[in-house]
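Inside the fold
Letter by letter, the chains look like this.
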Amino acid sequence: DDAPGRRIGSSTAATMSTTPSERRRSLSLRSLLICVNVFLAAIFITTLFSGIRLTKNYEGAHKDNNAGVFRNILDESISAGTRGGSSSSGGHLITTLENDLKQEKEKTKKLEETIATLMQQQGAAQNSAAETDSSSSNSFQQQLLESYKKQINQNHNSKNKQDLCSILLPKPTPTTLSLWSHHMPNILNATKHWSDRESFQFHDFTALLLHFVSPDRLQRSVKTLPLDWTPVERSLNVIQRRLHFLQSEMERYRQMNHLQPKDEIPLEAMKKINEDPKAPRKLNLLIMGGSVTMGVVCHINPVNAKGPNRRDGAWPARLNHFLINLFHGMELINLQTMALGGTNTETAITMWDYSLLAGDIPYPDILINAYATNDMHWNSMQDAIARNQTLEQSLYKLSQEFIRMVMTPKKSCRHAPPMLLYLDDYLGNEQNEVLTTLASSQTINLMSSYYGIGSISYADAVRDIVYGDTKEWWLSSQWYEGGKYIRGVHPHMGTHIAMTWVVAFNLFNLVTTYCSLPEIETQSATDTIRRLHAGTERNNKGEWDYGYQSINGLPPLQAAKKLGGGPREKPRGIPPPLTRDLSLEHISDEWREDSVENAPLWKTIPECLAEGHFDDAIDHDSLPKPCLFSWVVNMERFLDKPKGLNNKLKPYLTSNSGWSAEADNNKLGWVPSSGLGSKFTLEFKKVAQPVHMMTWMIMRSYGEKWDGSKLKVEAWSGEKLLARDEIVGFHDKKTSETYNIKMKLFDQESDSIGIPPGSDLKVTFELVGGTTFKISGMAIC
């Protein structure tokens, strides 16, 4: 050290005139002092580096706070080695060294105490990670809710506009990847199934899955983001209104019952708060899919044979519970599922076109297409062949038709298109060639990119794990049985848990990405701010100025004249259909012509509010029902049992000989229980709307029971025969699947399609082949 060296040098200069014996004693004293000084420095350096090494091993929730304390101690210790001045006497030097030694001992003791405290805090943090997050005051949920409450209180009397982003999240907005990575214990606990609440017997299995489906893999599942973020904006407005109400009611309950902020509200009390009729509506999320979405064989797991049933264990049900857990029991989302085995995107087109949403399913704010597995099903391949198409061509056509139908508003200003998300969940072996299995993924990516919608890929998140060991069955269906390669369609519990995380991660990613967009000034009368994105481009006093806004650090433009050659204002609506004939030369003109022709459909939120329409975030009108009569089994609350189906048909069933509602093999349907010759008739008197089409959802199956199955259907209006068909109910495939059969009504006398309002319609059904048949849905529209 420099300081001690200077002190020793000064002492030597002061004693050069002394006697030899005195000089020897002085040198001996200096040698002793040098040794003591070196020994103390060695102790200090050893302690210093030991503390640094221990500190590097410390990780936990209190790292940042205690690191500052530790750094201050280190700074003081280091500065101690350089302070002090010169001394001209050995006695003063000894006193100084003794004081330094005493101080170093005190600091060493303090350093040891600090390290012990840090180690205790580390152990406490590790123990708390294994506890239920509801008991942790520093949990992710508690942090979010406390942040929300604080911002609400600050903004209660403020006239400044706000949105959920500015209330709930810090600036700059953290990424979903960062949030997810830093709150893994909360993710684990929120994943716990309600039937496993007490013992958490699937703890290790869930933890291992969370290990495999790591944050970086979840990031890989994000494939495309929406071009227009307006649906995200509307969705966050819905959540903000409800969250504010529920948080206020929860705070009021705690005050009335003398509970602390970290205390859990009893389940019954929380249920009453969630069901309060004064509460703003939930965000409506609709998931449409097939048997995977239903949860077929989702109970199979490596822990035991007692997994939850298909409806409760399927990933949509798990997702719903996961989100409720993550927000301390607050129900912010109304998650509904329309799933039926054997159905695919072709079925979804019919259901959306005819508005065959069950009566208790509201118009969705978010719609997830989860038909990827069934779109790649062997039956879909055969259907494509029957239409003289390849599977790729069929996927392309059906996907585009569905996207265009959903993204075209049902009703101007009252039914804006929902936020459409495509989910690629196909990681099966319906095809053995790897390249062929990617057809659905490629189609989804192409259509999502062209139409500007969001898409998610569970398959891409875990594909390398599955391909690395095709005998695993945690993250895909089971492809081997007894060592033999088999066709495996339905994945097991592991996939459903992992799918929950994939979809939740992508929903959160939409939020954090939107909240990262710059704020813009609006003239809207609403109390929320908006953010700059492709859906908020605007004119300046009626003149297109490239939508430029001097915000987010961009300066005002200095040019006195408008620069030419830039892009015109983008046409509203969706781009023209993507066909082989669509050319770069004509795409702009076609898009603009369609935009002008259908201008009333594409009004913006400010335009709708200016016309007096109420905000979609408050409520939705019921979806227009173009069908005179419609139903699909298992899609409505009371259509999952024979009694419910009997009640549905009873008002129109004028004659019945041998047909009844049955649920054999858990598949409900209307069947000819008396065999060949069974008949029934439906009649509709003086219809209130035009009727042009009848669609039957029928099940085709295989085996001796179904051999030769055939149903004759006739439609009459008075004495006029409008349609006749014989529908086959069997096939040679070793599965039972749902098919859509359409029959157009045509009046040959008047050469017109359908019947007008006020007409009568009678439809007769007779089993003319085989011994059985099954009708699983009808739509008379």
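Every residue gets a number counted from 1 within its own chain, in the order that chain's sequence is written. Local features in this predicted model are restricted to residues of pLDDT 70 or higher, and side-chain atom pairs are both shown and tallied only at a pLDDT of 80 or more, whereas totals for entire chains, interfaces and linings draw on every residue. Each side-chain value is derived from all of the structure's non-hydrogen atoms; neither hydrogens nor water enter the calculation.

**Notes on the overall build of the protein**
A run of DSSP states H or I qualifies as a helix once it reaches four residues; a run of E qualifies as a strand once it reaches two. Both are numbered from the N-terminal end. A tally of helices and strands in the protein yields 26 helices and 23 strands. Every residue pair with non-hydrogen atoms within 4.5 Å of one another is taken to be in contact. Expressed as a percentage of contacts within the protein between residues at least 6 apart in sequence, the contacts between residues at least 24 apart total 75%. Accessible surface, the protein as shown: approximately 39,300 Å² in total, 53% of it carbon and sulfur. The Shrake-Rupley method, run with a 1.4 Å probe sphere, supplies the accessible areas, and residue values consider only the shown protein chains as cover.

**Observations regarding the pairing of strand β3 (residues 333-339)**
For the exposure calls, accessible area comes from a 1.4 Å probe over protein chains only, and a residue counts as buried if that area is under 20% of its type's maximum, exposed if over 50%, partly exposed in between. When you tally the buried positions in β3, you get six out of seven residues, the bulk of the element. Sheet topology places strand β2 (residues 283-289) next to β3; seven bridges connect them, and they run parallel. Along β3, the bridge assignment pairs M288 with M338. The rule for pairing is simple: two strands pair if DSSP sees at least two bridges between them.

**What about helix α23 (residues 493-515)?**
Multiplying 1.5 Å by the residue count of a helix minus one yields the expected span of that helix. With 23 residues, α23 should cover 33 Å at 1.5 Å per step; its first-to-last C-alpha distance of 33 Å lies within 8% of that length. With 20 of its 23 residues buried, α23 lies for the most part within the structure.

**Considering the packing of helix α11 (residues 230-256) against α23**
Packing of α11 against α23 leaves a shortest axis separation of 10 Å and a crossing angle of 100°. One element, α11, and the other, α23, form an angle in the roughly perpendicular class. Facing V232, E233 and L236 of α11, the residues of α23 in contact are L510, V511, Y514 and C515. Within the contact of α11 with α23, the residues separate by chemical class into six nonpolar, no polar and one charged. Angles here are taken between N-to-C directions and fall from 0 to 180 degrees, while the axes themselves are lines fitted to C-alpha atoms, restricted in helices to the stretch in contact. Oblique is the label for any angle not covered by the other classes, which are roughly parallel (under 35 degrees), roughly antiparallel (over 145) and roughly perpendicular (65 to 115). In this classification, the charged set is Asp, Glu, Lys and Arg, the nonpolar set is Ala, Val, Leu, Ile, Met, Phe, Trp, Tyr, Cys and Pro, and all remaining amino acids, among them Gly, are polar.

**Examining the sheet that holds strand β6 (residues 454-457)**
Taken in spatial order, the six strands make up an open sheet running β1-β6-β5-β4-β2-β3, and their pairing is mixed. Of all the strands in the sheet, just β1 (222-224) and β3 have a single pairing partner and so form its edges. Between one strand axis and the next, the sheet turns through 20° on average, direction left out of account. Against the sheet, helix α22 (residues 458-468) contacts β1, β5 (419-424) and β6, and its axis sits at roughly 25° relative to β6.

**Overview of the sheet that holds strand β18 (residues 720-728)**
Strand order in this open sheet of five strands is β12-β15-β22-β17-β18, and the pairing throughout is antiparallel. Every other strand in the sheet has two partners, leaving β12 (653-657) and β18 as the edge strands with one partner each. Along the sheet, successive strands turn relative to each other by an average axial angle of 10°, direction set aside. Looking at chain direction, strand β17 (residues 710-717) and β18 are connected through eight bridges and run antiparallel. Paired with K710 across the strands is V728, a residue of β18.

**What about the side chain of D424?**
If you trace the backbone, D424 turns up in strand β5. Comment: no salt bridge for buried D424; closest opposite-charge side chain is R463, at 4.5 Å. Nitrogen and oxygen atoms within 3.5 Å of one another constitute a polar contact, given that in protein one can donate a hydrogen and the other can accept it, and given that sequence-neighbouring residues count only through two side-chain atoms. Here the side chain of D424 touches Y426 through a polar contact of 3.3 Å, landing on its backbone nitrogen. A polar contact of 3.5 Å, which involves the side chain of D424, links it to the side chain of S441. Beyond its immediate stretch of four places on either side in the chain, D424 contacts A372, S440, S441, I444, I456, S457, Y458, A459 and R463. Note that His is not counted, nor are the chain ends; the positive residues are Lys and Arg, and the negative ones are Asp and Glu. When a carboxyl oxygen of Asp or Glu is within 4 Å of a side-chain nitrogen of Lys or Arg, the pair counts as a salt bridge.

**Re helix α9 (residues 203-212)**
Those residues of α9 not exposed but buried are F205, T206, L209 and L210. Seen along its axis, α9 keeps its buried residues to an arc of 135°; they face one direction. Exposed residues lying more than 90 degrees from the buried face of α9 are D204 and H211. Where α9 is buried, its residues contact α8 (184-191) and α23. Arc definition: it is the arc formed by the directions from the helix axis to the C-beta atoms.

**Observations concerning the environment of I453**
Here I453 is to be found in the loop between α21 (439-451) and β6. Through-space distance from the C-alpha of I453 to that of T224 is 7.0 Å; in sequence the pair is 229 residues apart. Non-local contacts of I453, meaning those with residues more than four positions away in its chain, are made with T224, L225, P226, I403, M407, L420, Y422 and S448.

**Points about the packing of aromatic side chains**
Between 30 and 60 degrees the pair is tilted, below 30 it is stacked and above 60 it is edge-to-face, where a pair is any two Phe, Tyr or Trp rings, Trp via its six-membered ring, whose centres lie within 6.5 Å. Counting across every chain of the model gives 15 aromatic pairs. Ring centres of F629 and F684 lie 5.6 Å apart, and the angle between their planes is 45°; this geometry places the pair in the tilted category. Of the two residues, F629 sits in strand β11 (residues 629-632) while F684 sits in strand β15 (residues 679-684), which places them 55 residues apart along the sequence. Linked through ring pairs, W659, W670, F680, W696 and F765 together constitute an aromatic cluster. Its guanidinium or amino end placed over the ring of Y480, K471 lies 5.3 Å from that ring's centre, counting from NZ or CZ. Both a distance and an angle decide whether a charge sits over a ring: NZ of Lys or CZ of Arg must be within 6 Å of the ring centre and within 35 degrees of the ring normal. Positioned above the aromatic ring of Y739 is the side chain of R700, whose terminal nitrogen or guanidinium carbon lies 4.6 Å from the ring centre.

**What about the confidence of the model for the protein?**
pLDDT is defined as a per-residue confidence score from the predictor, taking values between 0 and 100. In the predicted model, the protein carries a mean pLDDT of 80, and the fraction of residues at 70 or more is 76%. Every residue in residues 52-90 scores below 50 in pLDDT, and together they form 46 contacts with partners more than four places removed in sequence or on other chains. The low-confidence segment residues 154-159, where pLDDT is below 50, has two contacts with residues more than four positions distant or belonging to other chains.

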